[in-house]
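Tertiary structure, described
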Amino acid sequence: ARAKPKLPLEYNLLLTATLCLLALGAVMVYSASSARTLLQGDGDGTTYLVRYVVYGGLGFVALHVIARRGLDGVVALTGPLLAFSFACLVAVKLPGLGVTVNGARRWLGAGPLTFQPSEVAKLALVLYGAKFLAQKPGRIRTPRAAAPLLLVAGTMLLLVASQPDLGTALVIAFTLTALLVAGGFPVRFLLIGA
């Protein structure tokens, strides 16, 4: 019988952290939505929890597929995903395409099938930032060297903040900061930018 290859420690740490975050998220979703759902008479209190678990399970399956196949496919999809996220962020602003809820136009879709393009944009930014920084290891020492990443993230920030969605804009700003710090960008430039 062929021996199963031993997985690296990093894989097990990532898997454990992912499972912990999924479990914590499930508890938070259930505690925040169960009472409201029951009081409104919209179900048994587990509607949002079941939806969260289904999406979490799909994401977990995708994690395993990507881990088994390698990152080359993800790297190849980074550019198209970034372009798709920008197209969706612009489409949110177009009348008839963007869905307005509570005065904010942040969603695309029709009826119950809606999604928030800023969620796709956050993933696209992380993938693009990781790809950009991996292509220039240790050479991102000035704002000019980081200009393409700063331009992409800045445009994304403006589009998200104009929805208005300040919370997601701050998440994007902190994500960009974390990427730059991990890439060796001098902190003094980040402090000046802040």
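Placed above this text is the structure.
Remember, predicted model here, so these are calculated numbers, not experimental data.

Section: the overall build of the chain
Scanning the chain from terminus to terminus reveals seven helices and three strands. Seen along its three principal axes, the alpha-carbon backbone of the chain occupies a region of about 60 × 60 × 30 Å. Within the chain, the proportion of its 194 residues that are buried is 26%. Summarising the internal contacts of the chain: among those between residues at least 6 apart in sequence, 56% fall at separations of at least 24.

Re the packing of helix α5 (residues 147-161) against helix α6 (residues 166-182)
One can describe the packing of α5 onto α6 by two numbers: an axis separation of 9 Å at closest approach and a directional angle of 165 degrees. Judged on the interaxial angle alone, α6 and α5 are roughly antiparallel. In the packing of α5 onto α6, the handedness of the crossing is left-handed. Counting all contacts with α5, which are made through L149, L150, A153, M156, L157, V160 and A161, the residues of α6 involved are T168, A169, I172, A173, L176 and L180. Its residues placed into classes, the contact of α5 with α6 shows twelve nonpolar, one polar and no charged.

Remarks on a nonpolar patch on the surface
Taken together, the side chains of V50, V54, Y55 and L58 define a hydrophobic patch exposed on the protein surface, amounting to about 420 Å² of accessible area. Secondary-structure assignment places V50 in helix α2 (residues 47-69).

Here's the deal with the nonpolar core
In this structure, L82, L125, L149, V152, M156 and L180 are the most contacted members of the largest nonpolar core, which totals 24 residues. Secondary-structure elements contributing two or more residues to this core are α3 (72-91), α4 (117-135), α5 and α6. Setting aside its immediate chain neighbours within four residues, M156 contacts L82, S85, F86, L89, A121, L125 and I172.

Considering the side chain of Q116
Mapping Q116 onto the fold places it in the loop between β3 (113-115) and α4. Given the relative accessible area of 18%, Q116 is considered buried. Side chain to side chain, Q116 and D165 meet in a polar contact 3.2 Å long.

Rules and cut-offs
- Residues numbered from 1 in each chain as written.
- Predicted model: local features only at pLDDT ≥ 70, side-chain atom pairs only at ≥ 80, totals over all residues.
- Heavy atoms only, no water.
- Helix = DSSP H or I, 4+ residues; strand = E, 2+ residues; numbered from the N terminus.
- Buried < 20%, exposed > 50% of the residue type's maximum accessible area, 1.4 Å probe, protein only.
- Contact = heavy atoms within 4.5 Å.
- Axes fitted to C-alpha atoms, helices over the stretch in contact; angles between N-to-C directions.
- Parallel < 35°, antiparallel > 145°, perpendicular 65-115°, else oblique.
- Left-handed = near helix turned anticlockwise from the far one by under 90°.
- Nonpolar A, V, L, I, M, F, W, Y, C, P; charged D, E, K, R; others polar.
- Patch = residues over 30% accessible without salt bridge, like charges linked within 9 Å, V, L, I, M, F, W, Y side chains within 5 Å.
- Areas by Shrake-Rupley, 256 points an atom, 1.4 Å probe, with all protein chains shown as cover.
- Salt bridge = Lys/Arg side-chain N within 4 Å of Asp/Glu carboxyl O.
- Core = buried A, V, L, I, M, F, W, Y, C linked by side-chain atoms within 4.5 Å.
- Polar contact = N/O pair within 3.5 Å; in protein donor to acceptor, adjacent residues only side chain to side chain.

Any functional reading would require information beyond the geometric quantities listed.
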